[in-house]
Amino acid sequence: MALAGRLLGWTNGDAWRIGWLPQTKALIMIIYVNILLDRGLISSDTFTALLLMAVVSTMLTMPMVAPRLRATSGAAQHG
């Protein structure tokens with residue numbers, strides 16, 4: 001996503017923030033991996049790895065994005 005933003009001419013900071021925000025959608029991944037596991041398309045080890053990835057990436061979104069959002073809103077108020 002950040003690469004797409006850069007290609008569209010967004011500033012580095014905007015492209016970076018937009019690239020991180022879709023990580024919150026990783027929670028939907030839990031539904032998909034459950035279906036894949038139920039149908040026998042993935043192993044329980046793969047299920048566990050994908051589940052952990054979804055949870056960790058979702059948990060990291062706000063700590064990664066919030067400081068930059070605060071910096072942006074502070075700059076906008078002072079600019």
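Fair warning: this is a prediction, and the values are worked out from it, not measured in the lab.

Chemist: Summarise the overall build of the chain; cite the residues concerned and give the values.
Modeler: Scanning the chain from N- to C-terminus turns up four helices and zero strands. For the chain, buried positions account for 19% of its 79 residues. Nonlocal contacts in the chain, meaning residues at least 24 apart in sequence, comprise 56% of its contacts between residues at least 6 apart. As displayed, the chain offers around 5700 Å² of accessible surface, 67% of which is attributable to carbon and sulfur atoms.

Chemist: I'd like a description of the side chain of S57, backed by residues and values.
Modeler: Summarising the element assignment, S57 is placed in helix 4 (residues 44-78). A distance of 3.2 Å separates a polar atom in the side chain of S57 from the backbone oxygen of A54.

Chemist: Describe in detail the nonpolar core, supporting the description with residues and values.
Modeler: Within the largest apolar cluster, six residues are counted, these being A26, M29, V33, I42, F47 and A54. For this core, the secondary-structure elements that each account for two or more residues are helix 3 (26-38) and helix 4. Here this core takes three residues from helix 3, the largest share from any one element. Not counting the four nearest positions on each side in its chain, M29 is found in contact with L50, M53 and A54.

Chemist: Can you tell me about helix 3, naming the residues and giving the values?
Modeler: Counted at 1.5 Å a residue, the expected span for helix 3 with its 13 residues is 18 Å, and the 19 Å between its end C-alpha atoms agrees. What helix 3 keeps buried is the set A26, M29 and V33. What you see down the axis of helix 3 is that its buried residues fit within an arc of 35°, all on one side. Directly beyond the C-terminal end of helix 3, a positive phi value near 75° is found at G40.

Chemist: Any chance you could break down a nonpolar patch on the surface for me, citing the residues and the numbers?
Modeler: Taken together, the side chains of I28, I31, Y32 and I35 make up a nonpolar region of the molecular surface, amounting to roughly 400 Å² of accessible area. Secondary-structure assignment places I35 in helix 3.

Chemist: Residue-level account of the confidence of the model for the chain, with values.
Modeler: The pLDDT averaged across the chain works out to 79; a share of 81% of its residues lies at or above 70. Mean pLDDT in the chain bottoms out at helix 2 (residues 12-20), which sits at 73, and peaks at helix 3, which reaches 89.

Chemist: Any chance you could break down the environment of D14 for me, citing the residues and the numbers?
Modeler: Positionally, D14 belongs in helix 2. Linking D14 and R68, residues 54 residues apart in sequence, is a C-alpha distance of 9.3 Å.

Conventions used here
- Residues numbered from 1 in each chain as written.
- Predicted model: local features only at pLDDT ≥ 70, side-chain atom pairs only at ≥ 80, totals over all residues.
- Heavy atoms only, no water.
- Helix = DSSP H or I, 4+ residues; strand = E, 2+ residues; numbered from the N terminus.
- Buried < 20%, exposed > 50% of the residue type's maximum accessible area, 1.4 Å probe, protein only.
- Contact = heavy atoms within 4.5 Å.
- Areas by Shrake-Rupley, 256 points an atom, 1.4 Å probe, with all protein chains shown as cover.
- Polar contact = N/O pair within 3.5 Å; in protein donor to acceptor, adjacent residues only side chain to side chain.
- Core = buried A, V, L, I, M, F, W, Y, C linked by side-chain atoms within 4.5 Å.
- Expected span 1.5 Å × (residues − 1).
- Arc of directions from axis to C-beta.
- Patch = residues over 30% accessible without salt bridge, like charges linked within 9 Å, V, L, I, M, F, W, Y side chains within 5 Å.
- Salt bridge = Lys/Arg side-chain N within 4 Å of Asp/Glu carboxyl O.
- pLDDT = per-residue confidence, 0-100.

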